[in-house]
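Listed below are the residues making up each chain.
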Amino acid sequence: MKTVPRRLIVVSVLALILVPGVYVYQAAQRLMVDRYADDPQVVALPPDYEPMAPAEPYSGAHPALRDRHADDYAYPIPIGGTGPVLPTYADSLDYPFACRTEAAGLGQPLPDNDAGAGTPVYAVDAAGARTTEIIGYSKDCGLRSRVHYLYRSKTSGEFLPYSSMTDDVDHLTIDGQEVPFIVRIESGTINRYIYMIALLRGPEDTPGQPDLEFWNGKLIYLFRGGVGIGRRQGRISLDYIPDRRWAELQKGFAVAHATANQTSTQYDIELAEDTFARMKRHFAARYGEPTYTIGMGGSGGAIQQYLIGQNRPGLLDGGIAMQSYPDMVTQTTKVMDCELLEHYFDVTDAENPKWQKWSQRRWVQGFNARDDMSNDILRLRAIQSLSQFDWPVWSGGQTECTRSWRNLTPQIANPRYSYFASLFAPDVFARVSWTYWDNLKRVYGTDTSGHARRTFDNVGVQYGLRALKRRQVSPEEFLKLNDAIGGWKPAAEMEPERYWIYSAARSGLDEFSVWSDHNMYKKESPDLPARRSVGDLAAMQAAYRSGQVFIGQLEMPIIDFRNYLEPELDMHHSLQSFSARLRMIRHQGQADTQLIWFTRKPNLPFADAIDLLDRWIVNLQANPDLGPVSSKPADAQDRCYSDAGGIIASGDDVWDGAWNRRENGECMETYPIYSHPRIEAGDDYIGDIFKCHLQSIDAAIDRGLYAPVNVLPYRDELMRVFPDGVCDYSRGDAARPPDLLR
C-alpha cells in the first residue's frame, strides 16, 4: 500500500479549511454592506439637550399599584392630523430619535423645527420627487394620519394598493355573501411611533367614515419581538398586517399595531404600555369600543403581554404569547454568560478535548448544543490563526450561545457599539451611550461615570456546579473554569467591538473577536481569580419596582404557545414557558390562567388558540363573578400538537418534568426542555435572580452542596477562587425589594 506524502496531507487539510473559509470570508465581506447607509440620518441633537444627563434609579411604587396619568389628547386622531407625541407619563423626550417613515414606505416625516435637530426634510417637485432643498428638520418623526386600501390579488395572493380600476380582486364569503377582499388600513404616528389599524373595508367605507359592516366587534393587537435599545422609530409596511393576519381579518377581526410595541425597536415596557393604551383609546373613538382585545405576538411580543397583563390588569383581555420569555431584563443574565463561557471553551481551555465536542458544552451552559451543525465562524477563526502562523484548533458544531445569542451582549451592553450607527451623524453617535440600560436610565439611573447602572452580576456563581456533581468535569476542571471565567467590564471601560462583520469600527481579521473578549475581565495573576462583574443593587431593585420584571402576577387568560425549536438551537428555548409558570405559582399560588401549548412546524394552531380565548373571555364577561379561573372552558388545558396538527396529549400533568420535580409527562417526553448556565450553576427554573445571597465555602461544604463529590481536599483552592463565598440560591434574590407589592 502506498504511503501518502506528508506534504499532501498538510495541503489537503489547508484546502479543507481555506477553500470553504475563503467562501465564508467573502460572504462575511458582503455582510459588511451597511443596510442603513442610504437611510436618512439624524444630523444633530436638539439645542441644549444632553443625552448623558444624570438620572436616579426608580424607587417608586410598582405599576400594578399606581394610577396612570390622564391622557389629554382628544381622540380620535383626525384623518390628516397628527397623533400625540409626549407619552402620558413623561415630561420630556429622549434624543436622538431616528425617523423610519421612509423605510416604511410612508414618505418623509413632518418637519417640526428649524433648529437643525433630527433628520432633514426636503422639498419635493411637482412629480413628488425629493429635491435638494431642505425645508426643515424632524426630531420627532411625525406623520399625518391617512387611510389606505389594499386588496388581495387572486393571481398572486399578495396585498396590493387598490383602485376602482383593479380587476384582480380576490373574494371571500361572509354570511353567505361573496365580498371583495379589500382591507382598510389606517396609518399615522402615536408617541412618535408608527401605527397601523387594519380591518375589512365595508361597502360604503370612506377615509373619514369607516363602514364597519364586516367588523366582528373584536380587536387583535400585535406585539412584535426582537432586541432593541431604543433611539429609533421602527418601521412597518402597509402590507405587514394583511400579509400575516389575513386569516383573522377575513373572520372579521380588526388588527392593530404600533412600532413602540416592537421590541426590536425598543424595550421600554412603560412606553409600550402607554402606546398600547393610547391605541385602544384612538381605536374606540374612531371604530367603537371592541367587545374584547387580545394580544398576539412572539418573543419580545410575548414579554409585553406578560408584563402589561401584570402591570396594568384589564388593559388586555387575553393573550397568545408565542416563543415566550417572562421578561427581558432577567434574560440578560443568561445571555451575558454565553460569551464568557464560549471564550473559555474556545481560548482559555481550548486544548481540553471535552469542549471540542460541542454537545458537551451543554454540561456547563445548559442550553442545547449539537456536534453536527456547521459553524462558519470556526472557518474564519481558522483563517485568523493561519494568518498569525498558528495551527488552528478545529472542531465542528454549535451551541445555542453561538447559534443564536452571538453579538447580543455587545448589542445590549456596549455603550460604544450599535449595528444601526449610520442612522446618526458621527458626532451625534459619539455623544450617546448605546445600551439597553442607558435607554432606560430613568428606570436604572446612572453611575458616577454618567453611564446607566447595570444589573448583570456573577459574583459567587459556580459555573458548571452540576457538571461537577455529575462527575462530567473533575474538581480541577471546575476550579480552572471558575478561576478564569471573569466577567464584563463596566460600561465606562468598554471599547468598540472587534466583531468586524457587524462593527462600525470594522477592525481587521487580526483583531477579530467574536466573543468581545477585550471587554472582559481576564485572569491577571496566578494567585488571584479573574474579576467577576458586580451588578448595581439599586438598578436591580429599580427593575423590580418599575415592572420590568415578571414577578408572576397575572389573572388574564394567556396561551403560552411555542413552536418547538430546540433542535435548531434557536434562542427561543422552551424552558421559559415554565419559568413564567413557576413565577406565577410562587407569587399567587397557582397558574391556572396560563395554558402551555407546544407544536412543531409546519403546524400553527392559531385558529384553535383564538377560538378558545374567544369562548373563555366571552364566558368571563357574561359571568364576571366567576373569575378567570372558574370561567375556563372545559378544553382550556395544557396540550401538545404533532407537526400534522393532531393533539398528542392534553391535561394537567402532560408538562410535568424536571422544572416541577416530577416524572416527565407525555408532552415533555415529546418535546424535552433544556436549561441555562445559572441552572447548571445551582439555580432553579424560576430564573429571576439578579444577585445571589452568598455563603462561605465551609457552609457550602457542610450543607453538602458538592455531594457526591468530596471537595475537602480542594477547600483552600475553592476559597481562593471564591474569596467572597458562593451562591446560596435557596434564599432567592438578594436584590428583590421586600415591600414590592405592598
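Residues numbered from 1 in each chain as written. Predicted model: local features only at pLDDT ≥ 70, side-chain atom pairs only at ≥ 80, totals over all residues. Heavy atoms only, no water.

**Overview of the pattern of salt bridges**
Once the charged atoms of two side chains with opposite charge are near each other, the side chains can pair.
Consideration 1: This structure, assessed with the given rule, holds 44 salt bridges.
Consideration 2: Sharing partners across several salt bridges, the network here consists of R66, D268, E270 and R442. (Salt bridge = Lys/Arg side-chain N within 4 Å of Asp/Glu carboxyl O.)

**Description of the sheet that holds strand β4 (residues 159-161)**
Consideration 1: The strand order across the open sheet built from 12 strands is β4-β3-β7-β8-β10-β9-β11-β12-β15-β16-β17-β18, with neighbouring strands paired in mixed fashion. One side of each edge strand has no neighbouring strand; the edge strands of this open sheet are β4 and β18 (647-650). When the angles between neighbouring strand axes are averaged without regard to direction, this sheet yields 20 degrees.
Consideration 2: Bridge count for strand β3 (residues 146-152) against strand β7 (residues 182-190) is 6 bridges, and the pairing is antiparallel. When the sheet's bridge partners are listed, Y151 is paired in β7 with I182.
Consideration 3: Sitting on the sheet, helix α18 (residues 606-622) is in contact with β9 (219-222), β11 (293-298), β12 (318-322), β15 (558-563), β16 (594-599) and β17 (639-641), with an inclination near 155 degrees to β12. (Pairing = 2+ DSSP bridges. Helix = DSSP H or I, 4+ residues; strand = E, 2+ residues; numbered from the N terminus. Axes fitted to C-alpha atoms, helices over the stretch in contact; angles between N-to-C directions. Contact = heavy atoms within 4.5 Å.)

**Some points on the nonpolar core**
Consideration 1: Core analysis: the biggest nonpolar cluster contains 133 residues, and F424, Y436, W437, Y444 and Y706 have the highest contact counts within it.
Consideration 2: If we skip the residues at most four places from it in the chain, W437 touches V329, T332, M336, I412, A413, Y444, A452, R453, R454 and T455.
Consideration 3: Counting residues in hydrophobic clusters, the runner-up holds 42 residues, among them L106, L200, F214 and W597. (Core = buried A, V, L, I, M, F, W, Y, C linked by side-chain atoms within 4.5 Å. Buried < 20%, exposed > 50% of the residue type's maximum accessible area, 1.4 Å probe, protein only.)

**Remarks on the side chain of T275**
Consideration 1: Inspection of the secondary structure puts T275 in helix α3 (residues 269-287).
Consideration 2: Polar side-chain contacts of T275 include one of 2.8 Å to the backbone oxygen of L271.
Consideration 3: Not counting the four nearest positions on each side in its chain, T275 is found in contact with I190, N191, A258, A260 and N261. (Polar contact = N/O pair within 3.5 Å; in protein donor to acceptor, adjacent residues only side chain to side chain.)

**Some points on the pairing of strand β5 (residues 171-174)**
Consideration 1: Burial along β5 is one-sided: L172 and I174 are buried, while H171 and T173, pointing the other way, are not.
Consideration 2: By the bridge criterion, 4 bridges tie β5 to strand β6 (residues 177-180) in an arrangement that is antiparallel. Along β6, the bridge assignment pairs T173 with E178.
Consideration 3: Counting the residues between successive antiparallel strands, the hairpin from β5 to β6 contains 2 residues, one of them, D175, with a positive phi of roughly 50 degrees.

**What about the packing of α3 against helix α4 (residues 300-311)?**
How two helices sit against one another is set out by the angle between their axes and by the gap between those axes.
Consideration 1: One way to put it is that α3 packs onto α4 with a least axis distance of 10 Å and a crossing angle of 80 degrees. In terms of axis orientation, α3 runs roughly perpendicular to α4. Residues I269, A272, E273 and F276 of α3 lie in contact with α4, whose contacting residues are I303, Q304, L307, I308 and N311.
Consideration 2: Grouping the constituent residues of the contact of α3 with α4 by class yields 6 nonpolar, 2 polar and 1 charged. (Parallel < 35°, antiparallel > 145°, perpendicular 65-115°, else oblique. Nonpolar A, V, L, I, M, F, W, Y, C, P; charged D, E, K, R; others polar.)

**Observations regarding the packing of aromatic side chains**
Consideration 1: Applying the stated rule across the entire model yields 33 aromatic pairs.
Consideration 2: The interplanar angle of 90 degrees and the centroid separation of 5.5 Å between the aromatic rings of Y49 and Y95 together place this pair among those described as edge-to-face. Of this pair, Y49 sits in the loop between α1 (6-31) and β1 (119-124) while Y95 sits in the loop between α1 and β1, and the two are 46 residues apart along the sequence. Of the two residues examined, Y49 and Y95, each falls in the buried class.
Consideration 3: Each member of the aromatic cluster is reached from another via a ring pair, and the members are Y36, Y419, F420, F424, F429 and W434.
Consideration 4: The ring of Y95 carries R192 above its face, with NZ or CZ at 5.2 Å from the centroid.
Consideration 5: When the ring centre of Y240 is taken as reference, the NZ or CZ atom of R224 above it lies at 3.9 Å. (Phe/Tyr/Trp six-rings, centres within 6.5 Å; stacked < 30°, edge-to-face > 60°. Lys NZ or Arg CZ within 6 Å of the ring centre and 35° of its normal.)

**Considerations on α3**
Consideration 1: For α3, built from 19 residues, the straight-helix expectation of 27 Å at 1.5 Å per residue is met to within 8% by its first-to-last C-alpha distance of 26 Å.
Consideration 2: Counting buried residues along α3, 16 of its 19 residues qualify, which places the element largely inside the surrounding structure.
Consideration 3: In this structure D268 caps α3, since a side-chain oxygen of it lies 3.1 Å from the backbone nitrogen of E270.
Consideration 4: G288 lies just past α3 and shows a positive phi near 110 degrees. (Expected span 1.5 Å × (residues − 1).)

**Digging into the state of the cysteines**
Consideration 1: The tally for this structure, following the rule as stated, stands at 4 disulfides.
Consideration 2: Between C338 and C401 runs a disulfide, and the two sulfur atoms are separated by 2.0 Å. The sign of the -65 degrees torsion about the S-S bond sets the C338-C401 disulfide as left-handed. Of this pair, C338 sits in helix α5 (residues 331-348) while C401 sits in helix α9 (residues 400-405); the two residues are 63 residues apart in sequence, bridging distant segments of the chain. Pair check on accessibility: C338 and C401 agree, each one buried.
Consideration 3: In the chain, the cysteines engaged in disulfides, taken in order along the sequence, are linked 1-2, 3-4, 5-6, 7-8. (Disulfide = S-S within 2.5 Å.)

**Comments concerning the packing of α5 against helix α15 (residues 475-484)**
Consideration 1: Contact geometry of α5 with α15 gives a least axis separation of 10 Å together with a crossing angle of 115 degrees. In this view, α5 runs roughly perpendicular relative to α15, as classed from their interaxial angle. Classified by chirality, the crossing of α15 by α5 is right-handed. Residues L341, Y344 and T348 of α5 form the contact with α15, whose own contacting residues are E477, K480, L481 and A484. (Left-handed = near helix turned anticlockwise from the far one by under 90°.)

**Concerning the confidence of the model for the chain**
Consideration 1: Chain-level pLDDT for the chain is 93 on average; 92% of the residues reach the 70-or-more range.
Consideration 2: Every residue in residues 7-12 is under pLDDT 50, and counting partners more than four places away or in other chains gives 1 contact.
Consideration 3: Overall, residues 501-506 carries pLDDT values under 50, and its contacts beyond four positions in sequence, including any with other chains, amount to 15 contacts. (pLDDT = per-residue confidence, 0-100.)

**Focus on the pairing of β11**
Consideration 1: Counting buried residues in β11 gives 6 out of 6 residues, a clear majority hidden from the surface.
Consideration 2: Where β9 meets β11, 4 bridges bridge the pair, whose relative direction is parallel. The residue bridging L219 from the neighbouring strand is T293, located in β11.
Consideration 3: Direction of pairing for β11 relative to β12: parallel, over a ladder of 5 bridges. Following the sheet pairing, G298 is matched in β12 by M322.
Consideration 4: Assessed by its sense of winding, the connection that carries the chain from β11 through α4 to β12 is right-handed. (Right-handed = clockwise from strand over helix to strand, strands pointing away.)

**Description of α4**
Consideration 1: End to end, α4 covers 16 Å across 12 residues, agreeing with the expected 16 Å (1.5 Å per residue, within 8%).
Consideration 2: α4 sits mainly inside the fold: 12 of its 12 residues count as buried.
Consideration 3: G300, G301, A302, I303, Q304, Q305, Y306, L307, I308, G309, Q310 and N311 are the residues of α4 that are buried.
Consideration 4: As for α4, its buried residues are in contact with α3, β11, β12, β15, α17 (575-588) and β16.

**Description of the environment of F456**
Consideration 1: By the secondary structure assignment, F456 is in the loop between α13 (441-444) and α14 (465-469).
Consideration 2: Overall, the relative accessible area of 4% leaves F456 in the buried class.
Consideration 3: Linking F456 and T332, residues 124 residues apart in sequence, is a C-alpha distance of 7.2 Å.
Consideration 4: The contacts of F456, once residues within four sequence positions are left out, are T332, T333, M336, D337, L340, W488, S533, V534, G535 and R678.

**Here we look at the environment of N563**
Consideration 1: Within the fold, N563 resides in strand β15.
Consideration 2: Taking the C-alpha atoms as reference points, N563 and M322, 241 residues apart in sequence, are found 7.8 Å from one another.
Consideration 3: A polar contact is formed between the side chain of N563 and the backbone nitrogen of K601, at a distance of 3.0 Å.

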